[in-house]
Number of protein chains: 2
Amino acid sequence: MLRIAYVNGRYLPHADAAVHVEDRGYQLGDGVYEVCEVSGGRLVDERRHMARLDRSLRELRIRWPMAPVALGVVVREVVRRNRVVDGLVYLQVTRGVAPRDHAFPAAAVSPALVVTARSIPIASRDARAAKGVAVITLPDNRWARVDIKTIALLPNVLAKQTAHEAGAFEAWFVDGEGFVTEGASTNAWIVTTDGRLVTRPADTGILRGVTRTVLLEVATGEGLRLEERPFSVAEALGAREAFLTSATTAVTPIVRIDGKNVGDGRPGPLAIRLRPALRAAAEIAPAWSSPPSQPNI
Amino acid sequence: MLRIAYVNGRYLPHADAAVHVEDRGYQLGDGVYEVCEVSGGRLVDERRHMARLDRSLRELRIRWPMAPVALGVVVREVVRRNRVVDGLVYLQVTRGVAPRDHAFPAAAVSPALVVTARSIPIASRDARAAKGVAVITLPDNRWARVDIKTIALLPNVLAKQTAHEAGAFEAWFVDGEGFVTEGASTNAWIVTTDGRLVTRPADTGILRGVTRTVLLEVATGEGLRLEERPFSVAEALGAREAFLTSATTAVTPIVRIDGKNVGDGRPGPLAIRLRPALRAAAEIAPAWSSPPSQPNI
């Protein structure tokens, strides 16, 4: 099947999907992105992803590349043309193409939009969750505004690579006070020995993950004891469970941190239970051909 | 005249100079760059720029996209085809094109190389230096490895834009202890009331500017009293002079910091004198058609 990407107004064969070398995303990291899960051909939590995109764009003062409702149509069309049933759709908005200069270009410069989609087998993701994953910890060396979902991801790239070379799935960033901030592409959670669910508050130290937000709602709905507060690596190592969340990993149990077992070294029961509960709570948007609901923006 | 860019093996009309949307530079900020001044059609301090490129690539474990000597040929050819006499040449190397994933792609993925060049009138740069520029100060919110010349420049973009909106040319980043690190795209210098030249050591807090290095040699050669140490905004405001350096600004006097005059609010005599001295000390590489000297790498 021919893969298709949307690039600035055109649906192109993936191999021909190109942007200008002076796109500010390429030369300056001047852009934002979203990754939205596709489940059964439908968008998961689209409304929240679009609301977060709106916040990212506002924080960087980048205009919407098109009306939100039109973007919903494009995203669906990319999912449809790529016949993605289960996988993800990726969208990136940059400040556009202009002669290289750090300062913003003239207001007339249009933002650039790229949308791609790809299938990811459910089985492989579920198998990973069933086995649990390992994480390592690294000093958080990122910039101060990681609350904005920008494409300036080099620190995350290096951290993830370090994790993979250590045989781990993810790297947890640790702040100067010894508290875990988040993973290189996931949010971090623990379950204390007395059953409280703990995750760091979504201040400027972490990205406010959409999956994180939904899971907080699930936990509240189930009456779980919930604490939004920082936790240390030592507390995580002494915890009953640990797990990570993101749009494409959902709830995935963590069984080792820096080579040491969490709990008994097997996926924790709460994480196992929350994984399907999260899915049940997600907002599944109308299918391919339907118009999207307008996000609250 | 038709502008030409070099993109991964081909010389293309500027309008057609494009990279794939899954170039890791576009989606992950996973690349490095250099800006080299062109003077009289020749490359300024090419050897040092290539040595720094080598360091940046090593730090990120990106391979050279071609042999250094071949890159020198490409850079010259881009300068020549664009008929740049006075201006700059820009080169960017990214980790290449691969399906989006934070971790490094397979070793077989080739790094991507883009080279562009453009003219910048000498007169406009000299006029700016003659008048002097204003800077503002901002908290340094960048990541911990600004010593690597990466394309993940979003914090610099936002700082430079803030400066421009304040009527200033540059933003100085200030660390948590109140010391100036560097500008968004320049290094920072002051001249104390007793005539000592002060600039921050090139630790991980700043980029080791090529122009900074050459100027340190000039200052040493002239027997100036030199101190590589951090200085605060207050010290800069009380200094006799302040100035900034970069490949494209050379030595440019600073006459205002956060709206307050430096010295008498006019370009300082040492900065004025060092500007041509810097040019005299620069290594001017052979002209367009000559092969480059091999950098020490």
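Structure: above.
Before going into details, it helps to say that this report is about the structure given with it. (Residues numbered from 1 in each chain as written. Chains lettered and ligands numbered in written order. Predicted model: local features only at pLDDT ≥ 70, side-chain atom pairs only at ≥ 80, totals over all residues. Heavy atoms only, no water.)

## Some points on the overall build of chain A
Secondary structure summary: chain A contains eight helices and 16 strands in total. Considering only C-alpha atoms, chain A reaches an extent of 55 × 40 × 35 Å along its principal axes. When contacts within chain A are restricted to residue pairs at least 6 apart in sequence, long-range pairs at least 24 apart make up 73% of them. With an accessible surface of roughly 11300 Å², chain A has 54% of that area assigned to carbon and sulfur atoms. (Helix = DSSP H or I, 4+ residues; strand = E, 2+ residues; numbered from the N terminus. Contact = heavy atoms within 4.5 Å. Areas by Shrake-Rupley, 256 points an atom, 1.4 Å probe, with all protein chains shown as cover.)

## Some points on the pattern of salt bridges
Evaluation of the coordinates by the stated rule reveals 60 salt bridges over all chains. Across the pair Glu-228 of chain A and Arg-212 of chain A runs a salt bridge, and its minimum N-O distance is 2.6 Å. On the criterion of sequence distance, the pair formed by Glu-228 of chain A in strand 13 (residues 226–228) and Arg-212 of chain A in helix 6 (residues 210–221) is long-range, its members being 16 residues apart. Take Glu-228 of chain A: its relative accessible area is 44%, and that puts it in the partly exposed class. Two residues, Asp-126 of chain B and Arg-275 of chain B, come together in a salt bridge whose shortest N-O distance is 2.8 Å. Within this pair, whereas Asp-126 of chain B is found in helix 4 (residues 122–131), its partner Arg-275 of chain B is found in helix 8 (residues 269–281), the two being separated by 149 residues in sequence. Judged by relative accessible area, which is 36%, Asp-126 of chain B ranks as partly exposed. What you see here is one network of salt bridges that share partners, running through Asp-45, Arg-47, Arg-48, Glu-217 and Glu-283 of chain A. (Salt bridge = Lys/Arg side-chain N within 4 Å of Asp/Glu carboxyl O. Buried < 20%, exposed > 50% of the residue type's maximum accessible area, 1.4 Å probe, protein only.)

## A word on the packing of aromatic side chains
Across all of its chains, the model carries eight aromatic pairs over all chains by this definition. Judged by centre distance (5.8 Å) and plane angle (65 degrees), the rings of Trp-172 of chain B and Phe-231 of chain B are edge-to-face. Taken together, the residues span a long stretch of sequence, with Trp-172 of chain B in strand 9 (residues 170–174) and Phe-231 of chain B in the loop between strand 13 (226–228) and helix 7 (233–237) at a distance of 59 residues. In terms of burial, Trp-172 of chain B and Phe-231 of chain B fall into one category: buried. Above the plane of the ring of Phe-104 of chain A lies Arg-95 of chain A, whose end atom (NZ or CZ) is 3.6 Å from the centre. (Phe/Tyr/Trp six-rings, centres within 6.5 Å; stacked < 30°, edge-to-face > 60°. Lys NZ or Arg CZ within 6 Å of the ring centre and 35° of its normal.)

## Let's talk about the interface of chain A and chain B
If you look at the interface, chain A gives 55 residues, while chain B gives 55 residues. Between chain A and chain B the total buried area reaches about 4500 Å² when both faces are included, carbon and sulfur atoms providing 62% of it. A per-residue breakdown of the area chain A buries against chain B is headed by Tyr-26, His-102 and Leu-154 of chain A, which together make up 18% of the total. Inspection of the region where chain A meets chain B yields two salt bridges. The closest approach of N and O atoms between Arg-61 of chain A and Glu-165 of chain B, which form a salt bridge, is 2.5 Å. Taken together, the connections running from chain A to chain B amount to 25 residue pairs in polar contact (both at pLDDT 80 or more). Those elements that place two or more of their residues in the side of chain A that touches chain B are strand 3 (18–20), helix 1 (24–28), strand 4 (31–39), strand 6 (87–94), strand 7 (112–119) and helix 5 (154–165) of chain A. Per-element tally for the side of chain A that touches chain B: the top contributor is helix 5 of chain A, with nine residues. Taken together, the residues of the side of chain A that touches chain B break down into 27 nonpolar, 15 polar and 13 charged. (Buried area = accessible area lost by both parts, 1.4 Å probe. Polar contact = N/O pair within 3.5 Å; in protein donor to acceptor, adjacent residues only side chain to side chain. Nonpolar A, V, L, I, M, F, W, Y, C, P; charged D, E, K, R; others polar.)

## With respect to the sheet that holds strand 2 (residues 10–13) of chain A
Residues and elements named next belong to chain A. The sheet built from six strands is open, its strands ordered 2-1-7-6-4-5 with antiparallel pairing. If you trace the sheet from one side to the other, it starts and ends with strand 2 and strand 5 (42–43), each paired once. Here two bridges tie strand 4 to strand 5, and the two strands are oriented antiparallel to one another. Residue pairing across strands places Ser-39 opposite Arg-42, the latter belonging to strand 5. (Pairing = 2+ DSSP bridges.)

## Describing the packing of helix 2 (residues 46–60) of chain A against helix 6 of chain A
Residues and elements named next belong to chain A. Helix 6 packs onto helix 2 with a crossing angle of 130 degrees between their chain directions and a minimal axis gap of 10 Å. Taken together, the axis directions place helix 2 and helix 6 in an arrangement best described as oblique. Remark: the crossing between helix 2 and helix 6 carries right-handed chirality. Taken together, the residues of helix 6 that come into contact with helix 2 (itself represented by Arg-48, His-49 and Arg-52) are Val-210, Thr-213, Val-214 and Glu-217. (Axes fitted to C-alpha atoms, helices over the stretch in contact; angles between N-to-C directions. Parallel < 35°, antiparallel > 145°, perpendicular 65-115°, else oblique. Left-handed = near helix turned anticlockwise from the far one by under 90°.)

## Things to note about the relation of the copies chain A and chain B
Once chain A is rotated about the relating axis by 180 degrees and shifted along it by 0.0 Å, it coincides with chain B to within an RMSD of 0.0 Å. What the rotation and shift describe, once combined, is the action of a two-fold rotation axis. The residues that chain A uses at the interface reappear at the interface of chain B in 100% of cases, marking a shared surface. (Least-squares fit on C-alpha atoms with pLDDT ≥ 70 in both.)

## Some points on the sheet that holds strand 6 (residues 87–94) of chain B
Strands belonging to one sheet form pairs held by backbone hydrogen bonds; the direction of such a pair is parallel or antiparallel. Pairing is antiparallel across the open sheet formed by six strands, whose spatial order is 2-1-7-6-4-5 (chain B). Two strands close off the open sheet at either side, each with one partner strand: strand 2 (10–13) and strand 5 (42–43) of chain B.

## Looking at the pairing of strand 4 of chain A
Residue and element names in this part refer to chain A. Counting buried residues along strand 4, nine of its nine residues qualify, which places the element largely inside the surrounding structure. On strand 4, burial covers both faces: Gly-31, Tyr-33, Val-35, Glu-37 and Ser-39 on one face and Val-32, Glu-34, Cys-36 and Val-38 on the other are all buried. Two elements, strand 4 and strand 6, share eight bridges in a ladder whose sense is antiparallel. Along strand 6, the bridge assignment pairs Glu-37 with Leu-88.

## Brief notes about helix 5 of chain A
Residue and element names in this part refer to chain A. Over its 12 residues, helix 5 extends 17 Å from the first C-alpha to the last, a length consistent with the 16 Å expected when each residue adds 1.5 Å. For helix 5, the set of buried residues is Leu-154, Pro-155, Asn-156, Val-157, Ala-159, Lys-160, Gln-161 and Ala-163. Where helix 5 ends, the next residue or the one after it, Gly-167, has phi of about 75 degrees, a positive value. (Expected span 1.5 Å × (residues − 1).)

## Here's the deal with the environment of Asp-86 of chain A
Counting through the fold element by element, Asp-86 of chain A comes out in the loop between helix 3 (68–81) and strand 6. Separated by 117 residues in sequence, Asp-86 of chain A and Asp-203 of chain A place their C-alpha atoms 32 Å apart.

## Here we look at the pairing of strand 11 (residues 187–191) of chain A
Residue and element names in this part refer to chain A. Among the five residues that make up strand 11, five are buried, leaving the element largely enclosed by the rest of the structure. Residues Asn-187, Trp-189 and Val-191 line one face of strand 11 and the alternating positions Ala-188 and Ile-190 line the opposite face, and both faces are buried. Sheet topology note: the strand 11/strand 14 (residues 241–246) ladder contains five bridges and is antiparallel. Bridge pairing in strand 14 places Ala-188 opposite Leu-244.

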